[in-house]
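# Coordinate inspection notes
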Amino acid sequence: MQQAVPEPQSFRRVLSSMCTEPHPAAREAAVRFLATNPGDPGTYGAAAELEARAVDALGELAGLADPHGYVTSGGTEANIQAVRAARNRARDEWTSPPESPNVVAPESAHFSFAKAADVLGVDLLTVPTDGDGRADVDAVRAAVGDDTVAVVGVAGSTEYGRVDPIPDLAGVVEAAGESTPGGDRPLLHVDAAWGGFYLPFTDHEWCFEHAPVDTLTVDPHKLGQAPVPAGGLLARDRATLDALAVETPYLESTSQATLTGTRSGAGVAGTVAAFDELWPAGYREAYETATANASWLADALDDRGFDVVEPDLPLVAADVPESVFEALRKREWRISRTGRDELRVVCMPHVTRRMLREFVADVDDLR
Ligand SMILES: *Cc1c(COP(=O)(O)O)cnc(C)c1O
């Protein structure tokens, strides 16, 4: 007997995911573009044109007037590709190319950089963060050496929503260039996979307009309210994308800079549709609502005597006993923990005040 495909989960109790319900317009556009492949622009011209619009939109968000880039499968691919471009550019362009290339990143960097290092044969040098979970600039400076091809800054860390001092990291990269004979310097990559759609509404200095950032990751399928899969890689220079291109003998186009081959136009179309609907007023409203919710939740947990990590971007971490955490999970709250075992609540667009009130009522019931 044929089994019907079941319903997916509801978002009613999802508190730790960085994905959310796509905007209805994004959902609709994604469905129309399901059978397209922007990886083959000669054949799928409409999808390829939309992708150029998506890249321009992400450039606008991240303060870059003439962006190069593409819609990736997610932040992981964008981060891998940024490291790959930095490695290739150092190999091909530096006066003395690095013998064993490395990347310097704060320990708060996403685990996708460990994958990048593994796949690319690059060493990942992780350095400590300061007391508040931000990259320690002195530690980064001390770790950067002649073989460093990229320095990573995180703008909205996955665990605590912290933003590294990007202009200071740019200073480290610049100084590294001044100390080499050819003036060769590591590329500065900013990972704003999650934070990118909230940060334009904050005072943080995080993007291309604030510092000489070379590449940046920002994911429409997280706070952009586009359907999965839709990540974004942006680069200031054409040469960075060129460093990723390989020849494609049997496609209508002659080269491809993406990591995946065939990829769905759904994410591309969803990105453009969501951006058209939400930029900037809708995204600003989402940010403001989420910020109010995060501070309400932080206060509520603090009032109950839990140690709360003061939110910056709307992501709340709090030290909740194991027994309460497990009991909350039994009540179907989808929650996760930080590396230090704190409860972590990500205030995504689907996370409403009402949901948080229910959650705190359950906490009261269980503690
Ligand atoms: C989510 C996230 C990633 C990974 O993105 P995927 O879309 O899951 O591949 C990378 N960096 C940061 C900061 C993230 O929050």
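Since the model is a prediction, treat every value here as computed from it, not as a measurement.

On to the overall build of the protein. Each helix and strand counted, the protein has 11 helices and 13 strands in total. A globule of 367 residues ought to have a C-alpha radius of gyration of about 21 Å, and the protein, at 21 Å, matches this closely. For the protein, the spread of C-alpha atoms along the three principal axes comes to 65 × 55 × 45 Å. Put simply, the protein has 367 residues, and 55% of those count as buried. At a minimum sequence separation of 6, the contacts of the protein that also span at least 24 residues come to 71%.

Here we come to the UniProt feature "modified residue: N6-(pyridoxal phosphate)lysine" (unreviewed entry) in the protein. UniProt marks K222 with the feature "modified residue: N6-(pyridoxal phosphate)lysine" (unreviewed entry), using the numbering shown here. Among the structural elements, K222 can be located in the loop between β6 (215-217) and β7 (231-235). You can call K222 buried: its relative accessible area is 13%. K222 has contacts with M18, T20, A193, W194 and M348, leaving out every residue within four places of it along the chain.

Moving on, we come to the nonpolar core. Residues L15, V140, W194, W206, L216 and F359 are the most contacted members of the largest nonpolar core, which totals 75 residues. Here the element with the most residues in this core is helix α9 (residues 281-303); it accounts for 8 residues. There are two domains that each give this core at least three residues, and those are domain 1 (24-278) and domain 2 (281-366). For W206, the residues in contact, after removing those within four places along its chain, are L61, A62, A155, V163, I166, V190, A192, G196, L199, P200 and L216. Counting residues in hydrophobic clusters, the runner-up holds 17 residues, among them W94, A109, V152 and V154.

Conventions we followed
- Each chain has its residues counted from 1, following the order in which its sequence is written.
- At least 70 in pLDDT is required for a residue's local features to be given in this predicted model, at least 80 for side-chain atom pairs to be given and counted, and no such filter applies to totals for whole chains, interfaces and linings, which use all residues.
- Calculation of side-chain values draws on the structure's entire complement of heavy atoms; hydrogens and water are dropped beforehand.
- Per the convention used, a helix needs a DSSP run of H or I reaching at least four residues, while a strand needs a run of E reaching at least two, with both numbered from the N terminus.
- Here the globule rule is a power law, 2.2 Å times the number of residues to the power 0.38, and the radius of gyration is based on C-alpha atoms.
- For the exposure calls, accessible area comes from a 1.4 Å probe over protein chains only, and a residue counts as buried if that area is under 20% of its type's maximum, exposed if over 50%, partly exposed in between.
- Note on contacts: a residue pair is in contact if any heavy atoms of the two residues lie within 4.5 Å.
- UniProt positions are given in the numbering used here, feature names are shortened, and annotations may be inferred rather than shown by experiment.
- Among the buried residues, those of types Ala, Val, Leu, Ile, Met, Phe, Trp, Tyr and Cys that are joined through side-chain atoms within 4.5 Å form a nonpolar core.
- An automatic or database domain assignment is the source of the domain bounds shown.

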